[in-house]
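# Breakdown of the fold
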Amino acid sequence: MKLPLFHSLGLAALIGVAAVAAHAETVTASEGRMTYDVFEHAIEHVDLAICPAEFDMDKMFCRMTLADDRAHVFVFDLDADQPLLAVKSYDLDEGLPQF
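Fair warning: this is a prediction, and the values are worked out from it, not measured in the lab.

### Here's the deal with the pattern of salt bridges
Under the defined criterion, the tally for this structure stands at three salt bridges. Ionic pairing is found between Arg63 and Asp47, a salt bridge with its closest N-O pair at 2.9 Å. Taken together, the residues Arg63 in strand β2 (residues 60-67) and Asp47 in strand β1 (residues 46-47) connect sequence positions 16 residues apart. When its relative accessible area of 52% is taken as the criterion, Asp47 is described as exposed.

### Some remarks on the state of the cysteines
The full count for this structure, using the stated rule, is one disulfide. The residue that forms a disulfide with Cys51 is Cys62, at a sulfur-sulfur distance of 1.9 Å. Its torsion about the S-S bond being 120°, the disulfide of Cys51 and Cys62 is classed as right-handed. Taken together, the residues Cys51 in the loop between β1 and β2 and Cys62 in strand β2 connect sequence positions 11 residues apart. For Cys51, a relative accessible area of 6% gives the class buried.

Cut-offs applied
Residues numbered from 1 in each chain as written. Predicted model: local features only at pLDDT ≥ 70, side-chain atom pairs only at ≥ 80, totals over all residues. Heavy atoms only, no water. Salt bridge = Lys/Arg side-chain N within 4 Å of Asp/Glu carboxyl O. Helix = DSSP H or I, 4+ residues; strand = E, 2+ residues; numbered from the N terminus. Buried < 20%, exposed > 50% of the residue type's maximum accessible area, 1.4 Å probe, protein only. Disulfide = S-S within 2.5 Å.

Encoded structure:
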């Protein structure tokens, strides 16, 4: 699947794709939001010690995936049920991003 199509999928479709990719049971998002609990169990990723500079590490944490020659940083809120706040993608032509 090409990245532009991946980004055009709705949240429900993304969760369904993630569940199939991880050979897991279907998971539903609370109130239509992707939470870290869903992400952690459905999507292979690495934990990042720090986030990109524009994100406040006192309020957020980051995880990264690699797909289609790009690094994708997922930013989650530290409060409550840890909802997904942002996704920032980097081209890997020059290697992994440095934060």
